[in-house]
Amino acid sequence: MPLTSDPPLDRTAPRPTGPPAADDPAALKVVPVRHPWRWAAIVVTAVLLAQFAHGLLTNPAWEWGVFAQFFTAETVVRAVWVTLQLTVYGTVLGFALGIVLAFMRLSASPFLKAVAFGYIWAFRSIPLIVQLLFWFNLAYLYKRLDFGIPFGPGFFSFDTMGLVGAMSAAVLGLALHQAAYAAEIVRGGVLAVDGGQLEAAAALGIPRLRQLRRIVLPQAMRAILPNAANEVISLFKGTSIVSVMAIGELFYQVQVIYGRNGRVVPLLMVATAWYVLLTTMLSVLQHYVERHFAKGATR
């Protein structure tokens, strides 16, 4: 006996051969949705891009011959190398200090939390150019550094006149400034890891350092990397600010060259092209690093 009240199907009955009924879904005509304004926006954007590209190629004021002459000039390539050095040193030192500050803010000690918060607050509040000039004039603020008993007699000392040069002051200023932002990026990534995993690891008797290295950081890196990459790229472009200290980085060297020959626009395009090229390389590297740490994650 069937379990439902529906009558049994007669599979031997002939199928209807006439046109489908008006309420049959097969009789409905599917009409695609039209987007006339979308196509209008595409046409307008394409025309604007074509006009911009045409202007770049045909306007003689861009002076592409001068651009090609100086793009791989020895002085420009050396300046690019200085820019990369500032970026690497500022990133490595900044994130190393930022990790320490992040875990100070995450610690159970109110004193360490207050110190880390004060550092982050101060270095995010003071403009970078002001910080660079302070470090560049360290010899004016402190003519001598003494090492000895705190608040007591010093055992030896040395002058600060030659201690911090222009390059050292730039690296120090960039790294300390970067550390304030890196600390918040790392702290946010660590907080994104589910606390229940740490409780489970502690219940299994896994040491705290191994919990951090094997459980917390691999998962936190997925949240840290996008923001960290943005900070590295911002630092790479922000190195141009050290030109106020007469350091031969890319933007400063370009200024020197167009100050001599008066070719402002093509020399600015040289700097722009180098910034775009190296930023693109950093973005490609970011993609592969993110893909490495995204193993096993659902996207």
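This text goes with the structure placed above it.
Residues numbered from 1 in each chain as written. Predicted model: local features only at pLDDT ≥ 70, side-chain atom pairs only at ≥ 80, totals over all residues. Heavy atoms only, no water.

Participant: Break down the overall build of the protein for me, citing the residues and quoting the values.
Facilitator: Along the protein, the regular secondary structure elements total 11 helices and 2 strands. Counting contacts in the protein only where the partners sit at least 6 residues apart, residues at least 24 apart contribute 71% of the total. Surface summary for the protein: the accessible area is close to 20,400 Å², and the carbon and sulfur share equals 67%. (Helix = DSSP H or I, 4+ residues; strand = E, 2+ residues; numbered from the N terminus. Contact = heavy atoms within 4.5 Å. Areas by Shrake-Rupley, 256 points an atom, 1.4 Å probe, with all protein chains shown as cover.)

Participant: I'd like a description of the environment of Trp-274, backed by residues and values.
Facilitator: Among the secondary structure elements, Trp-274 is positioned in helix α11 (residues 264-293). In the structure, Trp-274 is positioned 24 residues away from Leu-250 in sequence and 8.6 Å away in space, judged by C-alpha atoms. Each residue touching Trp-274, except ones within four places of it in the same chain, is listed here: Phe-71, Val-76, Val-80 and Leu-250.

Participant: Describe α11, with residues and values.
Facilitator: Helix length check: α11 (30 residues) gives 43 Å between terminal C-alpha atoms against 44 Å at 1.5 Å per residue, within 8%. For α11, every residue scored as buried is listed here: Pro-266, Leu-267, Val-270, Ala-271, Trp-274, Tyr-275, Leu-278 and Thr-279. Elements that come into contact with the buried residues of α11 comprise α2 (64-71), α3 (74-106), α9 (208-238) and α10 (250-261). (Expected span 1.5 Å × (residues − 1). Buried < 20%, exposed > 50% of the residue type's maximum accessible area, 1.4 Å probe, protein only.)

Participant: Describe the nonpolar core, listing the residues and the values that go with them.
Facilitator: Formed by 18 residues in total, the largest nonpolar core has its most connected members in Phe-70, Val-76, Leu-250, Leu-267, Val-270 and Trp-274. Within the residue set of this core, elements represented by two or more residues are α2, α3, α10 and α11. Top element by residues in this core is α11. It accounts for 6 residues. Leu-86, Leu-132, Leu-138 and Leu-174 belong to the second largest nonpolar core, which has 14 residues in total. (Core = buried A, V, L, I, M, F, W, Y, C linked by side-chain atoms within 4.5 Å.)

Participant: I'd love a proper account of the packing of aromatic side chains, names of residues and values included.
Facilitator: Summed over all chains, the structure comprises 6 aromatic pairs. For the ring pair Trp-62 and Trp-64, a centre distance of 6.1 Å and an interplane angle of 20° mean the geometry is stacked. Centroid distance Phe-236 to Tyr-275: 5.5 Å. Interplanar angle 75°. Geometry classified as edge-to-face. Placement of Phe-236 in helix α9 and of Tyr-275 in helix α11 is noted, with a sequence separation of 39 residues between them. Summarising the burial analysis for this pair, Phe-236 and Tyr-275 share the class buried. (Phe/Tyr/Trp six-rings, centres within 6.5 Å; stacked < 30°, edge-to-face > 60°.)

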